[in-house]
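Breakdown of the fold
Each chain is listed here by its residues.
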Amino acid sequence: MNWDDESVPTTADRLVGAAADGEDQAVEAALRPKALEEFVGQERVREQLDLVLKAARQRGGTADHVLLSGAPGLGKTTLSMIIAAEMGAPIRITSGPAIQHAGDLAAILSSLAEGEVLFLDEIHRMSRPAEEMLYMAMEDFRVDVIVGKGPGATAIPLELPPFTLVGATTRAGLLPPPLRDRFGFTGHMEFYAPAELERVIHRSARLLDVDIDAEGAAEIAGRSRGTPRIANRLLRRVRDFAQVKADGRITREIAARALHVYEVDGRGLDRLDRAVLQALLKLFGGGPVGLSTLAVAVGEERETVEEVAEPFLVREGLLARTPRGRVATPAAWAHLGLVPPQGGGPGQDGLFGP
């Protein structure tokens, strides 16, 4: 069910989705910082990575292999490009799903130049045979190429020039320990604080030639889910609104009006998020309710609710996953301006207090 009799957005058309589409990729290429000192946020990772790169340059060698983990849109690809720029090396970009055979990886590795940076996005989705080949390549800069089949197959060792592998993953727990152990530096990317996102928005506004004041940037930052990619996307949509409906300058009022049109509320929830909360509160009294039942109530697939809507709702403290089902928190009732039923709703006794 949906409360406005209109379709609920899915992963493909969510303004607050963290995945990058073609437009995002094109804009990000222009907005990406080129050096560590220009990179906003991730202070601890940036400081540690700066030491790793400076030490490698002083030794005159390649940098250690780097593993970057964290949610989409936090800057893993940007940092990989900065690593290459700081080392004065070219970068080769590929992804785990694109490497389905050991031969695919061997072809890439054998064509690397000395010192080159290989960026492997979604490294946890690489095939097992390629993963096992990567172990030897990372540690010994060598791969064994199998020639022939059956009993007559021969392994030919192929020496590789020293290179730096930068692996990125959104699910670090899926990486096997032997692969994780071969990375010399591991950095976990955290969600950004609103003040950091304001700096990102001001920087992007300058590059996009957008006139925005401090309060307008703060309004957009507060709805960006702690993610620079979402902040930049919202900035572009607010820019469009300001250009058409106002004088082109982004203020708090203009930003709020624009994001109201795009149905992104003050906490960054969109229509899918609110549909889940409204179904949970209005139909099921706040829960607990099973995931499949909740998905049917909002007219979405179970996977869409679980993988698209729930992570942010849980992180915001609006929804809890319990062994008995999904439960709305007091913050969810307050955010939607609803009053919880007496007793906290069916089945909620003892979950969040009296």
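What you see is a predicted model, and the numbers here were worked out from it, not measured in a lab. (Residues numbered from 1 in each chain as written. Predicted model: local features only at pLDDT ≥ 70, side-chain atom pairs only at ≥ 80, totals over all residues. Heavy atoms only, no water.)

1. Comments concerning helix 9 (residues 228–245)
In a regular helix each residue adds 1.5 Å, so 18 residues correspond to 26 Å; helix 9 covers 25 Å between its end C-alpha atoms and thus fits that length. Most of helix 9 sits out of view: 13 of its 18 residues are buried. (Helix = DSSP H or I, 4+ residues; strand = E, 2+ residues; numbered from the N terminus. Expected span 1.5 Å × (residues − 1). Buried < 20%, exposed > 50% of the residue type's maximum accessible area, 1.4 Å probe, protein only.)

2. Notes on the pairing of strand 7 (residues 185–188)
In regular strands, side chains alternate between the two faces of the sheet. Residues of strand 7 alternate between two faces, with Phe185 and Gly187 buried on one and Thr186 and His188 left unburied on the opposite face. Alignment of strand 1 (residues 66–69) against strand 7, held across 4 bridges, turns out to be parallel. Each residue of the ladder has a partner; that of valine 66, found in strand 7, is phenylalanine 185. (Pairing = 2+ DSSP bridges.)

3. Comments concerning the sheet that holds strand 2 (residues 91–95)
One open sheet holds the 5 strands; their spatial order is 2-3-6-1-7, and the pairing between them is parallel. Pairing within the sheet leaves two strands with one partner each, and these edge strands are strand 2 and strand 7. With direction set aside, neighbouring strand axes in the sheet form an average angle of 15°. (Axes fitted to C-alpha atoms, helices over the stretch in contact; angles between N-to-C directions.)

4. What about the nonpolar core?
Leu79, Ile201, Ile212, Ile220, Leu235 and Ile250 are the most contacted members of the largest nonpolar core, which totals 49 residues. A per-element tally of this core places helix 9 first, with 7 residues. (Core = buried A, V, L, I, M, F, W, Y, C linked by side-chain atoms within 4.5 Å.)

5. A closer look at the confidence of the model for the chain
With 88% of its residues at a pLDDT of 70 or more, the chain shows a mean pLDDT of 84. Here residues 1–12 is a poorly scored stretch, pLDDT under 50, and it has 29 contacts once near neighbours within four places are set aside; other chains count. Confidence drops under pLDDT 50 across residues 349–354; counting only partners more than four residues distant or on other chains, this segment forms 7 contacts. (pLDDT = per-residue confidence, 0-100. Contact = heavy atoms within 4.5 Å.)

6. With respect to unusual backbone geometry
Across residues other than glycine, the phi torsion is negative in most instances, and most of the peptide bonds are trans. You will see that glutamate 122, though not glycine, has its phi angle at about 45°, which is positive. One can find glutamate 122 in the loop between strand 3 (117–121) and helix 5 (128–140). With relative accessibility at 16%, the residue glutamate 122 sits in the buried group. We note that arginine 225 has phi near 60°; this positive angle belongs to a residue other than glycine. In this fold, arginine 225 is placed in the loop between helix 8 (214–222) and helix 9.

7. Let's talk about the environment of valine 305
Relative to the elements of secondary structure, valine 305 occurs in helix 13 (residues 302–315). Overall, valine 305 belongs to the buried group, its relative accessible area being 0%. Dropping the residues within four chain positions of it, valine 305 is found in contact with Val276, Leu291, Leu294, Ala295, Val298, Glu300 and Glu310.

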